[in-house]
Each structure stands twice: as C-alpha cells, then as structure tokens.
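An overview of the molecular structure
Here is how the chains run, residue by residue.
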Amino acid sequence: MLLMRESSRYRLSAPRMSIKRLDSGDDELCRQAANLHIASIHHGLLPLLGERFLAHLYLHIAAAPKAGVWALAEGERMVGFIAGCASIRATFRWILLHSGFSLAWAAGFMLLRPSVLVRLHSILGYPFRRRDQKATAPVLEAELLAIAVDAKHYGQGHGRELIAAFEAALRQWNVRA
C-alpha cells in the first residue's frame with residue numbers, strides 16, 4: 001500500500017482506508033481504540049482497567065506534546081491504531097499532571113481489584129525504570145506504546161502503515177532512531 005500525506009491524515013491506496021492522527025475531539029475513535037486494545041492486547045494491566053479508562057488514556061496521549069494516537073479507519077470504523085511518544089518520561093509526567101485524577105476516576109473501582117493492585121506498581125514505575133548501566137547503545141526515549149489491528153485485517157500490511165505514520169511523526173519531532 002502507498003502512504004500519501006494529507007495534513008494530519010494519511011490516505012492509503014486501498015479504497016476507503018485512511019490513517020488519522022487523533023486529537024482531543026475524537027472521543028468515538030478513542031473508544032474504538034480502547035475496545036480494539038482490550039480485544040487484541042491481552043497482557044499487562046491496561047486491559048484490566050476497562051474501556052472507559054483506556055478511551056480516556058488515549059484521548060490524553062493524543063493531546064500530550066510529542067505524543068500521539070493514529071487510527072487506521074475504513075469509513076467511520078477503526079481497523080487498527082498505534083500510540084506512541086517521543087519521550088515516555090515526558091509523556092507520562094504530562095499525563096499525570098494534566099489528567100491523573102480524571103484517569104483514576106475513569107478507572108474507578110477497577111483500581112481496587114486484587115488483579116489490578118498486584119500489577120499497579122509496574123505501570124506507575126515503568127517510565128522511571130533504571131536503564132542498564134552497561135548498555136553501549138544510546139538511550140532512546142521514543143516508544144511505541146500500543147499497536148493493534150483488527151484480526152479480520154491481519155496480513156494486509158496495516159501494521160506496517162501505522163508504524164510508518166508513527167515514524168513520520170518521530171522525524172517531524174526531530175527524534176532520531
């Protein structure tokens with residue numbers, strides 16, 4: 001598939017498919033991303049916090065500086081999404097400062113479930129984990145936070161197209177790989 005840039009929207013050569021960078025007004029697409037996350041990404045803590053929390057989280061990632069969520073859509077229906085940022089620490093800090101309370105509210109009583117409490121420390125400490133002191137490769141902060149494609153659309157190159165959109169944003173933010 002060919003990726004063509006049109007402002008904040010990428011048009012794919014396949015009929016009716018486009019990649020759109022989400023913004024704070026894309027509640028429905030963030031809800032669809034949350035549902036696709038829950039259906040496709042079964043490990044970790046985030047799926048346990050529910051659709052409401054994930055949709056809220058994706059709205060705030062989309063609003064954070066040098067971070068974003070891109071949706072691959074067929075008409076109004078989401079086929080896949082990718083979320084990423086130039087700096088996990090800066091994005092995590094921005095989200096905590098700007099919407100930490102509202103995210104906790106969105107998670108609600110899910111935070112009190114034993115299966116969530118056991119894993120909560122891992123997500124809260126993730127951005128601040130220590131780097132391997134002996135590593136010789138340069139430390140890169142950019143991170144692909146989540147990517148998912150609807151199972152009906154596997155094997156069609158959609159994941160590759162989503163990664164290309166994220167990489168284009170990293171170049172725009174002057175993040176080198």
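What this report covers is the structure whose coordinates are included nearby. Here the residue numbering is sequential within each chain, running from 1 through the sequence in written order. Local features in this predicted model are restricted to residues of pLDDT 70 or higher, and side-chain atom pairs are both shown and tallied only at a pLDDT of 80 or more, whereas totals for entire chains, interfaces and linings draw on every residue. Side-chain measures were taken over the full set of non-hydrogen atoms in the model, leaving aside hydrogen atoms and water.

**Re the packing of helix H1 (residues 27-40) against helix H2 (residues 50-63)**
To obtain each axis, a line is fitted to C-alpha atoms, and for helices this fit is confined to the stretch in contact; angles are then taken between N-to-C directions over 0 to 180 degrees. Going along the chain from the N terminus, every DSSP run of H or I of four or more residues is numbered as a helix, and every run of E of two or more is numbered as a strand. For the pair H1 and H2, the least separation of the axes is 8 Å and the interaxial angle reads 125°. Here H1 is positioned oblique relative to H2, judged by the angle of their axes. Handedness of the crossing formed by H1 with H2: right-handed. Between H1, through Asp27, Cys30, Arg31, Ala33, Ala34, Asn35, His37 and Ile38, and H2, the contact on the second element is made entirely by Gly50, Glu51, Leu54, Ala55, Tyr58 and Leu59. Angles below 35 degrees are treated as roughly parallel, those above 145 as roughly antiparallel, those between 65 and 115 as roughly perpendicular, and all remaining angles as oblique. Crossings are classed by handedness, with left-handed meaning an anticlockwise turn of the near helix from the far one by less than a right angle and right-handed meaning a clockwise turn. Between two residues, a contact is recorded if the distance between any of their heavy atoms is within 4.5 Å.

**Here we look at the environment of Asn174**
Tracing the backbone through its elements, the reader meets Asn174 in the segment after helix H5 (158-172). Of the residues examined, Asn174 reaches a relative accessible area of 72% and is grouped as exposed. Placed 108 residues apart in sequence, Asn174 and Lys66 show a C-alpha to C-alpha distance of 9.9 Å. A 1.4 Å probe rolled over the protein chains alone gives each residue an accessible area, and that area as a share of the maximum for its type sets the label: buried under 20%, exposed over 50%, partly exposed in between.

**With respect to the environment of Phe92**
In this fold, Phe92 is placed in helix H3 (residues 88-107). Relative accessible area serves as the criterion here: at 18%, Phe92 is assigned to the buried category. Residues Phe92 and Ala64, 28 residues apart in the sequence, show an inter-C-alpha distance of 9.1 Å.

**Brief notes about the pattern of salt bridges**
Salt bridge, as used here, is a side-chain nitrogen of Lys or Arg placed within 4 Å of a carboxyl oxygen of Asp or Glu. Scanning the model with the defined rule gives three salt bridges in all. Close ionic contact of Lys20 with Asp26 constitutes a salt bridge, the shortest N to O distance being 2.5 Å. Judged by relative accessible area, Asp26 falls into the buried class, the value being 13%. Among the ionic pairs, Asp150 bridges to Arg77, the shortest N-O distance being 2.7 Å. Of this pair, Asp150 sits in the loop between strand S6 (143-149) and H5 while Arg77 sits in strand S5 (residues 77-85), and the two are 73 residues apart along the sequence. Note on Asp150: relative accessible area 14%, which makes it buried.

**A word on unusual backbone geometry**
A positive phi angle, near 50°, is found at Lys66, a position not held by glycine. The residue Lys66 is located in the loop between H2 and strand S4 (67-74) in this model. A relative accessible area of 46% means that Lys66 is categorised as partly exposed. Although it is not a glycine, Asn174 sits at a positive phi angle of roughly 60°.

**Regarding the environment of Val79**
Its location among the elements puts Val79 in strand S5. Note on Val79: relative accessible area 0%, which makes it buried. Residues contacting Val79, with those up to four places away along its chain left out, are Met17, Leu36, Leu72, Ala73, Glu74, Ala148, Val149, Asp150, His153 and His158.

**Overview of H3**
Multiplying 1.5 Å by the residue count of a helix minus one yields the expected span of that helix. Its 20 residues place the ends of H3 only 21 Å apart at the C-alpha level, less than the 28 Å of an ideal helix rising 1.5 Å per residue. Two axes define the bend at a residue: one fitted to the seven residues ending there, one fitted to the seven starting there, and the bend is the angle between them. The principal kink in H3, of about 80°, is found at Ser99. Of the positions making up H3, those classed as buried are Ile88, Thr91, Phe92, Ile95, Ser99, Leu103, Ala106 and Ala107. Gly108 occupies a position one or two residues after H3 and carries a positive phi of about 55°.

**Section: H5**
For H5, with 15 residues, the first-to-last C-alpha span of 21 Å sits near the 21 Å given by 1.5 Å per residue. Turning to H5, its buried residues are His158, Glu161, Leu162, Ala165, Phe166, Ala168, Ala169 and Leu170.

Functional significance is not addressed by these values, which are geometric in nature.
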